[in-house]
Amino acid sequence: MELDLLGDRQRTHHCGELRPSHAGQKVFLAGWVDRRRDLGNLIFLDLRDHTGIVQVVLNPAVSREAHDQGEQVRGEYVVGVEGEVVVRKNETVNPQISTGEVEIQATRLLLLNEAKTPPFPLDDVARTSEEARLRYRYVDLRRARMQRNLRLRHEASLVVRQHMSEHGFIEIETPFLTRSTPEGARDYLVPSRLRPGHFYALPQSPQLFKQLLMIGGFNRYFQLVRCFRDEDLRADRQPEFTQIDVEMAFPRREELFDIIERLMEKLFALAGVKFARPFPRLTYAEAMERYGSDKPHTGVGLEWTRLELPESASGALKAAPSVKVLRAPEGKHFSRSQLDKLQDLAKASGAGWFSYVKTAGEGFQSPLAKTVGESAVASLARAAGMTAGEILLLIGSKSDGPSTINARHLDEASDVLRRELAGRLRPTPRGAWNFVWVVDFPMFEYDEKERRFTAMHHPFTSPREEDLPKLETDPAAVKARAYDLVLNGQEIGGGSIRMHRRDIQQRVFKALGLTGEKARERFGFFMDALEYGAPPHGGIALGWDRIIALMAGESNIREVIAFPKTASAVDLMCDAPAIVDPEQLDELGIQIKKD
(Lines give C-alpha, C1' and ligand atoms only; values in the text may rest on other atoms or scores of the structure.)
Protein backbone atom coordinates (compact mmCIF):
# COMPACT_ATOMS: atom_id res chain seq x y z
CA MET A 1 0.00 0.00 0.00
CA GLU A 2 1.33 3.43 -0.93
CA LEU A 3 1.02 5.90 1.93
CA ASP A 4 0.51 9.66 1.68
CA LEU A 5 2.51 12.39 3.36
CA LEU A 6 0.96 14.96 5.66
CA GLY A 7 3.26 17.66 4.38
CA ASP A 8 2.50 21.10 5.76
CA ARG A 9 -1.23 20.47 6.13
CA GLN A 10 -2.72 21.42 9.50
CA ARG A 11 -6.03 20.39 10.99
CA THR A 12 -8.61 23.14 10.75
CA HIS A 13 -10.86 21.49 13.34
CA HIS A 14 -11.00 18.48 15.64
CA CYS A 15 -13.48 15.70 15.00
CA GLY A 16 -15.66 16.23 18.07
CA GLU A 17 -16.01 19.99 17.56
CA LEU A 18 -18.17 20.11 14.43
CA ARG A 19 -21.79 21.27 14.69
CA PRO A 20 -24.51 22.49 12.30
CA SER A 21 -23.06 26.00 12.63
CA HIS A 22 -20.01 24.76 10.67
CA ALA A 23 -22.16 23.73 7.67
CA GLY A 24 -20.66 24.80 4.34
CA GLN A 25 -17.11 25.15 5.74
CA LYS A 26 -14.15 23.45 4.08
CA VAL A 27 -12.22 21.49 6.71
CA PHE A 28 -9.22 19.24 7.09
CA LEU A 29 -9.44 16.60 9.82
CA ALA A 30 -7.05 13.85 10.88
CA GLY A 31 -7.32 10.88 13.20
CA TRP A 32 -8.00 7.17 13.43
CA VAL A 33 -10.67 5.19 11.60
CA ASP A 34 -12.97 4.01 14.37
CA ARG A 35 -15.27 2.10 12.01
CA ARG A 36 -15.71 1.56 8.25
CA ARG A 37 -19.03 0.69 6.57
CA ASP A 38 -19.07 -0.12 2.86
CA LEU A 39 -22.49 0.19 1.24
CA GLY A 40 -21.16 -0.34 -2.27
CA ASN A 41 -21.70 3.03 -3.85
CA LEU A 42 -21.00 4.86 -0.59
CA ILE A 43 -18.34 4.26 2.05
CA PHE A 44 -18.81 5.67 5.57
CA LEU A 45 -15.89 6.21 7.94
CA ASP A 46 -16.23 7.11 11.61
CA LEU A 47 -13.19 9.32 12.16
CA ARG A 48 -11.93 9.60 15.75
CA ASP A 49 -9.50 11.86 17.56
CA HIS A 50 -9.13 12.91 21.18
CA THR A 51 -12.26 15.11 21.02
CA GLY A 52 -14.72 12.58 19.64
CA ILE A 53 -16.06 11.02 16.44
CA VAL A 54 -17.49 12.44 13.23
CA GLN A 55 -18.90 10.62 10.21
CA VAL A 56 -17.13 10.93 6.84
CA VAL A 57 -18.90 10.09 3.58
CA LEU A 58 -16.84 8.86 0.62
CA ASN A 59 -19.08 9.40 -2.42
CA PRO A 60 -17.69 8.68 -5.89
CA ALA A 61 -19.97 11.36 -7.28
CA VAL A 62 -18.07 13.89 -5.12
CA SER A 63 -14.56 12.38 -5.43
CA ARG A 64 -13.77 9.11 -7.17
CA GLU A 65 -10.16 9.32 -5.88
CA ALA A 66 -11.25 9.62 -2.23
CA HIS A 67 -13.72 6.75 -2.66
CA ASP A 68 -11.02 4.52 -4.18
CA GLN A 69 -8.68 5.34 -1.30
CA GLY A 70 -11.46 4.41 1.09
CA GLU A 71 -11.54 0.90 -0.38
CA GLN A 72 -8.12 0.29 1.23
CA VAL A 73 -8.94 1.68 4.67
CA ARG A 74 -9.40 -0.53 7.71
CA GLY A 75 -10.04 0.06 11.41
CA GLU A 76 -7.37 2.11 13.26
CA TYR A 77 -5.73 3.32 10.06
CA VAL A 78 -4.50 6.91 10.41
CA VAL A 79 -6.06 9.17 7.80
CA GLY A 80 -6.50 12.79 6.84
CA VAL A 81 -9.76 14.05 5.35
CA GLU A 82 -10.43 17.15 3.27
CA GLY A 83 -14.05 17.98 2.70
CA GLU A 84 -17.14 20.05 3.42
CA VAL A 85 -19.32 20.00 6.53
CA VAL A 86 -22.95 19.23 5.63
CA VAL A 87 -26.04 18.87 7.81
CA ARG A 88 -27.52 15.38 7.90
CA LYS A 89 -31.12 14.68 7.00
CA ASN A 90 -33.38 14.34 10.04
CA GLU A 91 -33.82 10.59 9.59
CA THR A 92 -30.02 10.03 9.59
CA VAL A 93 -29.14 12.11 12.67
CA ASN A 94 -27.13 10.11 15.26
CA PRO A 95 -28.06 11.32 18.76
CA GLN A 96 -25.39 9.03 20.33
CA ILE A 97 -22.51 11.34 19.39
CA SER A 98 -22.05 15.09 19.81
CA THR A 99 -21.45 15.55 16.07
CA GLY A 100 -24.46 13.45 15.09
CA GLU A 101 -26.21 16.25 13.21
CA VAL A 102 -23.41 16.73 10.66
CA GLU A 103 -21.08 14.74 8.42
CA ILE A 104 -18.12 15.41 6.15
CA GLN A 105 -18.47 15.05 2.37
CA ALA A 106 -14.88 14.06 1.57
CA THR A 107 -13.09 15.51 -1.45
CA ARG A 108 -9.74 13.93 -0.56
CA LEU A 109 -8.60 11.10 1.69
CA LEU A 110 -4.96 10.77 2.77
CA LEU A 111 -3.70 7.37 3.99
CA LEU A 112 -1.13 8.49 6.57
CA ASN A 113 -0.42 5.08 8.13
CA GLU A 114 -1.81 1.58 8.14
CA ALA A 115 -2.47 -0.48 11.29
CA LYS A 116 -2.56 -4.11 12.26
CA THR A 117 -5.87 -5.40 13.59
CA PRO A 118 -6.02 -4.29 17.26
CA PRO A 119 -5.45 -7.08 19.82
CA PHE A 120 -8.88 -6.36 21.29
CA PRO A 121 -11.96 -4.32 20.33
CA LEU A 122 -11.69 -0.78 21.62
CA ASP A 123 -15.41 -0.54 22.35
CA ASP A 124 -15.71 -3.77 24.34
CA VAL A 125 -13.12 -3.86 27.11
CA ALA A 126 -15.35 -6.01 29.34
CA ARG A 127 -14.32 -9.07 27.32
CA THR A 128 -10.63 -8.12 27.33
CA SER A 129 -8.16 -9.34 29.94
CA GLU A 130 -6.23 -6.75 31.90
CA GLU A 131 -3.01 -8.47 30.84
CA ALA A 132 -3.81 -7.78 27.18
CA ARG A 133 -4.76 -4.20 27.95
CA LEU A 134 -1.48 -3.54 29.78
CA ARG A 135 0.66 -5.32 27.18
CA TYR A 136 -0.83 -3.13 24.43
CA ARG A 137 -1.41 -0.08 26.59
CA TYR A 138 -0.78 2.34 23.71
CA VAL A 139 -3.85 0.84 22.00
CA ASP A 140 -5.89 0.67 25.20
CA LEU A 141 -5.28 4.38 25.79
CA ARG A 142 -7.32 5.19 22.66
CA ARG A 143 -10.53 4.04 24.34
CA ALA A 144 -12.93 6.79 25.38
CA ARG A 145 -12.83 5.66 29.02
CA MET A 146 -9.05 6.02 29.28
CA GLN A 147 -9.09 9.31 27.39
CA ARG A 148 -11.73 10.61 29.79
CA ASN A 149 -9.88 9.44 32.92
CA LEU A 150 -6.52 10.93 31.98
CA ARG A 151 -8.08 14.22 30.89
CA LEU A 152 -9.87 14.36 34.24
CA ARG A 153 -6.50 13.81 35.91
CA HIS A 154 -5.02 16.70 33.92
CA GLU A 155 -7.90 19.04 34.79
CA ALA A 156 -7.63 18.06 38.44
CA SER A 157 -3.90 18.81 38.52
CA LEU A 158 -4.63 22.33 37.23
CA VAL A 159 -7.14 22.78 40.07
CA VAL A 160 -4.55 21.67 42.63
CA ARG A 161 -1.91 24.06 41.39
CA GLN A 162 -4.32 26.99 41.23
CA HIS A 163 -5.82 26.30 44.67
CA MET A 164 -2.51 25.83 46.44
CA SER A 165 -1.07 28.94 44.81
CA GLU A 166 -4.09 30.96 45.96
CA HIS A 167 -3.31 29.88 49.54
CA GLY A 168 0.32 30.96 49.41
CA PHE A 169 1.95 27.61 48.59
CA ILE A 170 4.73 27.36 46.02
CA GLU A 171 5.62 24.23 44.07
CA ILE A 172 9.21 23.07 44.56
CA GLU A 173 10.76 19.91 43.11
CA THR A 174 12.66 17.60 45.45
CA PRO A 175 15.31 15.00 44.48
CA PHE A 176 14.57 11.53 43.12
CA LEU A 177 18.05 10.27 44.01
CA THR A 178 18.43 10.34 47.77
CA ARG A 179 19.51 8.01 50.59
CA SER A 180 17.78 4.94 51.92
CA THR A 181 15.42 5.34 54.90
CA PRO A 182 14.75 1.81 56.20
CA GLU A 183 12.15 2.93 58.76
CA GLY A 184 9.37 2.71 56.16
CA ALA A 185 8.53 0.33 53.32
CA ARG A 186 11.28 -1.24 51.19
CA ASP A 187 13.30 1.17 49.09
CA TYR A 188 14.15 0.90 45.42
CA LEU A 189 17.96 1.10 45.41
CA VAL A 190 20.02 2.73 42.67
CA PRO A 191 23.73 1.78 42.52
CA SER A 192 26.31 4.52 42.14
CA ARG A 193 28.88 3.94 39.39
CA LEU A 194 31.17 6.69 40.64
CA ARG A 195 31.11 5.44 44.24
CA PRO A 196 31.22 1.64 44.01
CA GLY A 197 29.37 -0.15 46.80
CA HIS A 198 27.23 2.91 47.53
CA PHE A 199 23.57 3.28 46.64
CA TYR A 200 20.99 5.97 46.18
CA ALA A 201 17.35 5.22 46.96
CA LEU A 202 14.27 6.42 45.13
CA PRO A 203 12.14 8.41 47.61
CA GLN A 204 9.17 6.79 49.32
CA SER A 205 8.06 10.37 49.92
CA PRO A 206 9.74 13.80 50.03
CA GLN A 207 9.21 13.83 53.83
CA LEU A 208 12.61 15.10 54.98
CA PHE A 209 13.07 17.45 52.05
CA LYS A 210 9.77 19.22 52.63
CA GLN A 211 10.68 19.65 56.29
CA LEU A 212 14.07 21.05 55.22
CA LEU A 213 12.20 23.52 52.98
CA MET A 214 10.38 24.79 56.07
CA ILE A 215 13.74 25.23 57.81
CA GLY A 216 14.82 27.03 54.64
CA GLY A 217 12.10 29.63 55.18
CA PHE A 218 9.75 28.88 52.29
CA ASN A 219 6.70 28.96 54.60
CA ARG A 220 4.32 26.96 52.38
CA TYR A 221 5.30 24.23 49.90
CA PHE A 222 3.43 21.74 47.72
CA GLN A 223 4.32 19.34 44.95
CA LEU A 224 2.63 16.80 42.68
CA VAL A 225 5.40 14.29 43.15
CA ARG A 226 6.29 10.74 42.11
CA CYS A 227 7.14 8.35 44.95
CA PHE A 228 8.43 4.78 44.96
CA ARG A 229 7.88 1.83 47.31
CA ASP A 230 9.03 -1.73 46.75
CA GLU A 231 6.11 -3.39 48.48
CA ASP A 232 3.40 -5.95 47.85
CA LEU A 233 0.73 -4.51 45.58
CA ARG A 234 -3.04 -4.29 45.69
CA ALA A 235 -5.68 -2.60 43.57
CA ASP A 236 -4.89 0.74 45.23
CA ARG A 237 -1.08 0.34 45.23
CA GLN A 238 1.63 0.75 42.59
CA PRO A 239 5.43 0.63 42.93
CA GLU A 240 5.52 4.19 41.62
CA PHE A 241 2.70 6.52 42.50
CA THR A 242 1.85 10.20 42.73
CA GLN A 243 0.89 12.24 45.76
CA ILE A 244 0.04 15.85 46.52
CA ASP A 245 2.72 16.74 49.04
CA VAL A 246 1.98 19.70 51.32
CA GLU A 247 3.88 21.40 54.14
CA MET A 248 3.43 24.68 55.99
CA ALA A 249 5.30 26.55 58.72
CA PHE A 250 3.67 27.70 61.97
CA PRO A 251 0.64 25.52 61.26
CA ARG A 252 -2.75 25.33 62.87
CA ARG A 253 -4.25 21.93 62.23
CA GLU A 254 -7.72 23.33 61.57
CA GLU A 255 -6.34 25.81 59.03
CA LEU A 256 -4.68 22.97 57.13
CA PHE A 257 -7.88 20.92 57.30
CA ASP A 258 -9.85 23.83 55.85
CA ILE A 259 -7.40 24.26 52.96
CA ILE A 260 -7.56 20.56 52.11
CA GLU A 261 -11.35 20.37 52.44
CA ARG A 262 -11.75 23.30 50.05
CA LEU A 263 -9.37 21.58 47.64
CA MET A 264 -11.49 18.40 47.78
CA GLU A 265 -14.58 20.51 47.11
CA LYS A 266 -13.03 21.97 43.95
CA LEU A 267 -11.63 18.65 42.74
CA PHE A 268 -14.83 16.66 43.11
CA ALA A 269 -16.81 19.46 41.47
CA LEU A 270 -15.07 18.31 38.27
CA ALA A 271 -17.01 15.07 38.66
CA GLY A 272 -20.26 16.85 39.50
CA VAL A 273 -20.02 15.98 43.21
CA LYS A 274 -21.09 18.20 46.10
CA PHE A 275 -20.74 17.58 49.84
CA ALA A 276 -20.93 19.45 53.11
CA ARG A 277 -17.99 20.96 54.99
CA PRO A 278 -16.40 20.78 57.50
CA PHE A 279 -15.75 17.05 57.38
CA PRO A 280 -16.53 15.07 60.56
CA ARG A 281 -13.71 14.22 62.98
CA LEU A 282 -13.15 10.84 64.64
CA THR A 283 -10.40 9.98 67.07
CA TYR A 284 -8.44 6.83 66.29
CA ALA A 285 -9.86 5.24 69.45
CA GLU A 286 -13.44 6.04 68.39
CA ALA A 287 -12.86 4.71 64.87
CA MET A 288 -11.44 1.41 66.13
CA GLU A 289 -14.20 1.02 68.73
CA ARG A 290 -17.10 1.75 66.38
CA TYR A 291 -15.80 0.40 63.08
CA GLY A 292 -12.76 -1.77 63.86
CA SER A 293 -10.75 0.28 61.35
CA ASP A 294 -8.83 3.54 61.21
CA LYS A 295 -10.21 4.08 57.68
CA PRO A 296 -13.92 3.50 58.19
CA HIS A 297 -16.63 3.88 55.59
CA THR A 298 -18.97 5.90 57.79
CA GLY A 299 -21.71 6.04 55.16
CA VAL A 300 -22.86 2.44 55.63
CA GLY A 301 -23.56 2.69 59.37
CA LEU A 302 -23.33 -0.78 60.98
CA GLU A 303 -21.43 0.31 64.09
CA TRP A 304 -19.99 -1.92 66.79
CA THR A 305 -20.62 -1.21 70.48
CA ARG A 306 -19.54 -2.76 73.76
CA LEU A 307 -22.22 -4.60 75.66
CA GLU A 308 -22.29 -5.52 79.32
CA LEU A 309 -22.75 -9.26 79.68
CA PRO A 310 -25.60 -10.76 81.71
CA GLU A 311 -24.74 -12.28 85.07
CA SER A 312 -25.73 -15.69 83.70
CA ALA A 313 -22.97 -15.55 81.05
CA SER A 314 -20.73 -18.60 81.06
CA GLY A 315 -18.14 -20.48 79.03
CA ALA A 316 -16.38 -18.63 76.20
CA LEU A 317 -18.83 -15.75 76.52
CA LYS A 318 -17.87 -15.15 80.15
CA ALA A 319 -14.17 -15.81 79.60
CA ALA A 320 -13.76 -13.30 76.77
CA PRO A 321 -12.01 -10.19 78.13
CA SER A 322 -13.87 -8.01 75.61
CA VAL A 323 -17.15 -8.44 73.72
CA LYS A 324 -18.46 -6.29 70.85
CA VAL A 325 -21.91 -6.37 69.24
CA LEU A 326 -23.35 -5.03 65.98
CA ARG A 327 -27.00 -4.67 64.95
CA ALA A 328 -27.75 -5.38 61.30
CA PRO A 329 -31.28 -4.12 60.58
CA GLU A 330 -31.57 -6.06 57.31
CA GLY A 331 -30.09 -9.28 58.66
CA LYS A 332 -33.22 -11.35 59.22
CA HIS A 333 -32.76 -13.16 55.91
CA PHE A 334 -29.29 -14.48 56.73
CA SER A 335 -29.22 -18.25 56.30
CA ARG A 336 -27.42 -20.64 58.61
CA SER A 337 -24.69 -21.19 56.01
CA GLN A 338 -24.18 -17.43 55.66
CA LEU A 339 -23.87 -17.08 59.43
CA ASP A 340 -21.39 -19.95 59.48
CA LYS A 341 -19.33 -18.07 56.90
CA LEU A 342 -19.38 -14.97 59.10
CA GLN A 343 -18.17 -17.10 62.00
CA ASP A 344 -15.32 -18.47 59.89
CA LEU A 345 -14.36 -14.93 58.85
CA ALA A 346 -14.39 -13.73 62.45
CA LYS A 347 -12.18 -16.54 63.73
CA ALA A 348 -9.81 -16.36 60.75
CA SER A 349 -9.38 -12.66 61.55
CA GLY A 350 -8.40 -13.34 65.15
CA ALA A 351 -11.65 -13.21 67.14
CA GLY A 352 -11.86 -15.67 70.03
CA TRP A 353 -15.47 -16.56 69.34
CA PHE A 354 -18.56 -15.52 67.37
CA SER A 355 -22.29 -15.80 67.91
CA TYR A 356 -25.54 -14.11 66.94
CA VAL A 357 -29.09 -13.36 68.04
CA LYS A 358 -32.04 -13.26 65.59
CA THR A 359 -35.55 -12.00 66.18
CA ALA A 360 -38.23 -14.69 65.92
CA GLY A 361 -41.77 -13.49 66.26
CA GLU A 362 -42.06 -11.93 69.73
CA GLY A 363 -38.86 -13.61 70.93
CA PHE A 364 -35.25 -14.24 70.03
CA GLN A 365 -33.21 -17.16 68.72
CA SER A 366 -29.50 -17.74 69.35
CA PRO A 367 -26.99 -20.59 69.77
CA LEU A 368 -26.15 -18.84 73.05
CA ALA A 369 -29.43 -20.01 74.53
CA LYS A 370 -27.91 -23.45 75.09
CA THR A 371 -25.22 -22.05 77.40
CA VAL A 372 -26.68 -18.90 78.99
CA GLY A 373 -30.41 -19.56 78.70
CA GLU A 374 -33.18 -17.90 76.74
CA SER A 375 -33.80 -15.19 79.33
CA ALA A 376 -30.16 -14.11 79.17
CA VAL A 377 -30.36 -14.00 75.35
CA ALA A 378 -33.47 -11.85 75.60
CA SER A 379 -31.64 -9.55 78.04
CA LEU A 380 -28.76 -9.19 75.58
CA ALA A 381 -31.12 -8.41 72.73
CA ARG A 382 -33.07 -5.81 74.70
CA ALA A 383 -29.87 -4.21 75.98
CA ALA A 384 -28.72 -3.87 72.37
CA GLY A 385 -32.04 -2.31 71.36
CA MET A 386 -32.96 -5.01 68.85
CA THR A 387 -36.20 -4.69 66.92
CA ALA A 388 -38.10 -7.07 64.62
CA GLY A 389 -36.22 -8.24 61.55
CA GLU A 390 -32.78 -7.49 62.93
CA ILE A 391 -29.80 -9.69 63.67
CA LEU A 392 -27.27 -9.04 66.43
CA LEU A 393 -23.67 -10.20 65.87
CA LEU A 394 -21.41 -10.80 68.87
CA ILE A 395 -17.66 -11.33 68.81
CA GLY A 396 -15.22 -11.71 71.68
CA SER A 397 -11.46 -11.54 72.06
CA LYS A 398 -9.38 -14.55 72.98
CA SER A 399 -8.95 -15.32 76.65
CA ASP A 400 -5.28 -16.27 76.40
CA GLY A 401 -2.20 -14.54 74.96
CA PRO A 402 -1.11 -10.87 75.13
CA SER A 403 -4.07 -8.55 75.67
CA THR A 404 -2.80 -5.90 73.24
CA ILE A 405 -2.55 -8.44 70.42
CA ASN A 406 -5.96 -9.94 71.23
CA ALA A 407 -7.49 -6.46 71.18
CA ARG A 408 -5.89 -5.79 67.79
CA HIS A 409 -7.24 -9.07 66.43
CA LEU A 410 -10.71 -8.24 67.74
CA ASP A 411 -10.55 -4.92 65.88
CA GLU A 412 -9.47 -6.72 62.70
CA ALA A 413 -12.36 -9.17 63.03
CA SER A 414 -14.76 -6.24 63.61
CA ASP A 415 -13.55 -4.58 60.42
CA VAL A 416 -13.71 -7.76 58.30
CA LEU A 417 -17.25 -8.63 59.46
CA ARG A 418 -18.48 -5.08 58.99
CA ARG A 419 -17.12 -4.92 55.44
CA GLU A 420 -18.71 -8.28 54.63
CA LEU A 421 -22.06 -7.10 55.96
CA ALA A 422 -21.81 -3.78 54.16
CA GLY A 423 -21.12 -5.58 50.88
CA ARG A 424 -24.14 -7.83 51.36
CA LEU A 425 -26.61 -5.40 52.91
CA ARG A 426 -25.54 -1.87 52.08
CA PRO A 427 -23.33 -1.55 49.02
CA THR A 428 -22.25 2.06 48.63
CA PRO A 429 -24.56 3.81 46.20
CA ARG A 430 -22.85 5.71 43.39
CA GLY A 431 -22.69 9.37 44.29
CA ALA A 432 -22.39 8.84 48.04
CA TRP A 433 -19.32 10.59 49.45
CA ASN A 434 -18.40 10.24 53.10
CA PHE A 435 -15.26 12.11 54.15
CA VAL A 436 -13.93 11.87 57.69
CA TRP A 437 -10.77 13.05 59.45
CA VAL A 438 -9.27 10.45 61.80
CA VAL A 439 -7.11 12.12 64.46
CA ASP A 440 -5.12 11.38 67.63
CA PHE A 441 -3.37 8.24 66.43
CA PRO A 442 -1.07 6.30 68.75
CA MET A 443 2.49 7.47 68.29
CA PHE A 444 3.88 3.92 68.27
CA GLU A 445 2.79 0.36 67.63
CA TYR A 446 4.61 -2.68 68.92
CA ASP A 447 6.18 -5.02 66.38
CA GLU A 448 6.15 -8.54 67.82
CA LYS A 449 8.53 -9.83 65.17
CA GLU A 450 11.18 -7.18 65.80
CA ARG A 451 10.30 -6.88 69.49
CA ARG A 452 10.37 -3.10 69.46
CA PHE A 453 8.14 -0.11 68.92
CA THR A 454 7.74 1.26 65.40
CA ALA A 455 6.24 4.57 64.29
CA MET A 456 2.57 4.23 63.35
CA HIS A 457 2.95 7.03 60.79
CA HIS A 458 6.64 7.94 60.52
CA PRO A 459 9.39 8.85 62.99
CA PHE A 460 9.13 12.60 62.33
CA THR A 461 5.57 12.92 63.64
CA SER A 462 5.32 15.01 66.78
CA PRO A 463 3.87 13.55 69.98
CA ARG A 464 1.12 15.50 71.69
CA GLU A 465 2.77 17.98 74.03
CA GLU A 466 0.95 16.59 77.08
CA ASP A 467 2.31 13.11 76.29
CA LEU A 468 5.99 14.06 76.11
CA PRO A 469 6.73 12.77 79.65
CA LYS A 470 5.51 9.30 78.59
CA LEU A 471 8.07 8.84 75.80
CA GLU A 472 10.45 7.02 78.10
CA THR A 473 8.03 5.60 80.66
CA ASP A 474 5.00 4.47 78.63
CA PRO A 475 5.50 4.76 74.83
CA ALA A 476 2.33 2.78 74.09
CA ALA A 477 0.25 5.53 75.73
CA VAL A 478 1.72 8.39 73.67
CA LYS A 479 -0.65 9.97 71.16
CA ALA A 480 0.66 11.55 67.97
CA ARG A 481 -0.34 14.83 66.38
CA ALA A 482 -1.22 12.79 63.29
CA TYR A 483 -4.31 12.72 61.09
CA ASP A 484 -5.65 10.81 58.10
CA LEU A 485 -8.27 11.85 55.55
CA VAL A 486 -10.61 8.97 54.71
CA LEU A 487 -13.19 8.80 51.91
CA ASN A 488 -15.67 5.93 51.56
CA GLY A 489 -13.44 3.58 53.52
CA GLN A 490 -10.22 4.49 51.70
CA GLU A 491 -7.37 6.49 53.19
CA ILE A 492 -6.68 9.25 50.68
CA GLY A 493 -4.29 11.30 52.78
CA GLY A 494 -2.13 11.22 55.86
CA GLY A 495 -0.18 13.88 57.69
CA SER A 496 0.93 15.30 60.99
CA ILE A 497 2.47 18.17 62.85
CA ARG A 498 6.20 17.43 62.80
CA MET A 499 8.94 17.60 65.38
CA HIS A 500 10.96 20.78 64.99
CA ARG A 501 13.23 20.32 68.03
CA ARG A 502 16.29 18.10 67.99
CA ASP A 503 15.96 17.04 71.63
CA ILE A 504 12.43 15.65 71.09
CA GLN A 505 13.45 13.99 67.82
CA GLN A 506 16.29 12.22 69.62
CA ARG A 507 13.91 10.98 72.32
CA VAL A 508 11.58 9.57 69.67
CA PHE A 509 14.46 7.83 67.90
CA LYS A 510 15.46 6.30 71.23
CA ALA A 511 11.90 5.05 71.82
CA LEU A 512 12.10 3.42 68.36
CA GLY A 513 15.30 1.61 69.30
CA LEU A 514 17.51 3.82 67.14
CA THR A 515 20.76 4.34 69.02
CA GLY A 516 22.59 7.62 68.73
CA GLU A 517 25.00 6.08 66.24
CA LYS A 518 22.26 4.58 64.06
CA ALA A 519 20.21 7.74 64.14
CA ARG A 520 23.29 9.74 63.19
CA GLU A 521 24.10 7.39 60.31
CA ARG A 522 20.59 7.55 58.81
CA PHE A 523 19.38 11.02 59.68
CA GLY A 524 22.44 13.01 60.73
CA PHE A 525 21.97 15.69 58.05
CA PHE A 526 18.41 16.24 59.21
CA MET A 527 19.31 16.33 62.91
CA ASP A 528 21.93 18.95 62.12
CA ALA A 529 19.33 21.03 60.25
CA LEU A 530 17.06 21.06 63.31
CA GLU A 531 19.75 23.02 65.16
CA TYR A 532 19.52 25.98 62.78
CA GLY A 533 16.21 27.52 63.75
CA ALA A 534 13.64 24.97 62.56
CA PRO A 535 10.13 26.48 62.85
CA PRO A 536 7.07 24.51 63.98
CA HIS A 537 5.70 22.90 60.81
CA GLY A 538 3.32 20.26 59.57
CA GLY A 539 1.54 19.02 56.49
CA ILE A 540 -0.09 16.17 54.64
CA ALA A 541 0.37 13.88 51.65
CA LEU A 542 -2.69 13.05 49.56
CA GLY A 543 -2.87 9.93 47.38
CA TRP A 544 -3.38 11.45 43.94
CA ASP A 545 -4.04 8.17 42.11
CA ARG A 546 -6.70 7.10 44.64
CA ILE A 547 -8.41 10.48 44.53
CA ILE A 548 -8.61 10.49 40.73
CA ALA A 549 -9.87 6.89 40.71
CA LEU A 550 -12.67 7.82 43.13
CA MET A 551 -13.57 10.90 41.07
CA ALA A 552 -13.66 8.79 37.89
CA GLY A 553 -15.74 6.04 39.49
CA GLU A 554 -12.96 3.47 39.06
CA SER A 555 -12.22 0.72 41.59
CA ASN A 556 -8.63 0.23 40.45
CA ILE A 557 -6.02 2.99 40.25
CA ARG A 558 -4.51 1.37 37.15
CA GLU A 559 -7.49 2.82 35.26
CA VAL A 560 -6.30 6.39 35.91
CA ILE A 561 -2.56 5.87 35.32
CA ALA A 562 -1.24 6.04 31.78
CA PHE A 563 1.36 3.28 32.08
CA PRO A 564 0.83 1.25 35.26
CA LYS A 565 2.45 -1.96 36.45
CA THR A 566 0.62 -5.21 37.11
CA ALA A 567 -0.20 -6.47 40.60
CA SER A 568 3.20 -8.20 40.57
CA ALA A 569 5.03 -4.94 39.70
CA VAL A 570 5.69 -5.92 36.06
CA ASP A 571 5.49 -3.61 33.05
CA LEU A 572 4.08 -5.98 30.42
CA MET A 573 4.40 -3.43 27.64
CA CYS A 574 8.12 -2.73 28.14
CA ASP A 575 8.88 -6.16 29.63
CA ALA A 576 10.37 -4.64 32.78
CA PRO A 577 12.06 -5.38 35.10
CA ALA A 578 14.56 -6.99 32.77
CA ILE A 579 17.98 -8.63 32.87
CA VAL A 580 20.79 -6.18 32.08
CA ASP A 581 24.06 -6.80 30.29
CA PRO A 582 26.84 -8.30 32.46
CA GLU A 583 29.06 -5.41 31.38
CA GLN A 584 26.72 -2.95 33.10
CA LEU A 585 26.84 -4.95 36.32
CA ASP A 586 30.63 -5.20 36.16
CA GLU A 587 30.91 -1.44 35.76
CA LEU A 588 28.77 -1.00 38.88
CA GLY A 589 30.64 -3.66 40.83
CA ILE A 590 27.49 -5.78 41.25
CA GLN A 591 27.29 -9.55 41.15
CA ILE A 592 23.98 -11.42 40.95
CA LYS A 593 23.52 -13.97 43.74
CA LYS A 594 21.87 -17.11 42.37
CA ASP A 595 19.92 -19.62 44.44
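All values derive from a computational prediction rather than experimental measurement. In every chain, residue numbers begin from 1 and rise along the written sequence. Restriction of local features to residues with pLDDT of at least 70 applies here, the model being predicted, together with a cutoff of 80 or more for giving and counting side-chain atom pairs; totals for whole chains, interfaces and linings are based on all residues. Only hydrogens and water are removed before side-chain values are computed, so all heavy atoms of the structure are retained for them.

Q: How should I be thinking about the overall build of the chain in this particular structure?
A: Scanning the chain from terminus to terminus reveals 17 helices and 22 strands. Contact criterion: two residues are considered in contact whenever any of their non-hydrogen atoms come within 4.5 Å of each other. Put simply, of all contacts in the chain between residues at least 6 apart along the chain, 68% involve residues at least 24 apart. A total accessible area of about 29,900 Å² is found for the chain, and carbon and sulfur atoms account for 49% of it. Charged residues are defined here as Lys and Arg on the positive side and Asp and Glu on the negative side; His and the ends of the chain fall outside this count. Charge placement uses NZ in Lys and CZ in Arg. For Asp and Glu, CG and CD serve respectively. Taking the average location of the 82 positive side-chain charges in the chain and that of its 85 negative ones, the two points are 3 Å from each other. A run of DSSP states H or I qualifies as a helix once it reaches four residues; a run of E qualifies as a strand once it reaches two. Both are numbered from the N-terminal end. Here, Shrake-Rupley sampling with a 1.4 Å probe gives the accessible areas, and only protein chains in the shown set may cover a residue.

Q: What am I meant to see in the nonpolar core here?
A: One recurring pattern in soluble globular proteins: nonpolar side chains tend to sit buried together. Nonpolar cores were defined as sets of buried Ala, Val, Leu, Ile, Met, Phe, Trp, Tyr and Cys residues, with membership established by side-chain atoms within 4.5 Å. Residue exposure (1.4 Å probe, protein chains only): buried if accessible area is under 20% of the type maximum, exposed if over 50%, otherwise partly exposed. Counting 43 residues, the largest nonpolar core has M264, L267 and F268 as the members making the most contacts within it. Considering each element in turn, this core owes the most residues, eight residues, to helix α6 (residues 253-269). Residues contacting M264, with those up to four places away along its chain left out, are F275, F279, F435, L485, I492, L542 and I547. Among the nonpolar cores identified, the runner-up in size contains 24 residues, and V438, F444, M499 and I504 belong to it.

Q: For this particular structure, what's the right way to read unusual backbone geometry?
A: With glycine set apart, most residues show a phi of negative sign, and most peptide bonds adopt trans. With an omega of -5°, the peptide bond between R277 and P278 qualifies as cis. Summarising the element assignment, P278 is placed in the loop between α6 and β11 (281-283). For the bond running from A576 to P577, omega is 0°, close enough to zero to count as cis. Of note, P577 is situated in the loop between α16 (544-552) and α17 (582-588). One non-glycine residue, N219, lies in the positive phi region at around 70°. The topology assignment puts N219 in the loop between α5 (207-215) and β9 (220-228). The backbone of N488 shows a phi angle near 50°, a positive value even though the residue is not glycine. The topology assignment puts N488 in the loop between β20 (482-487) and β21 (490-497).

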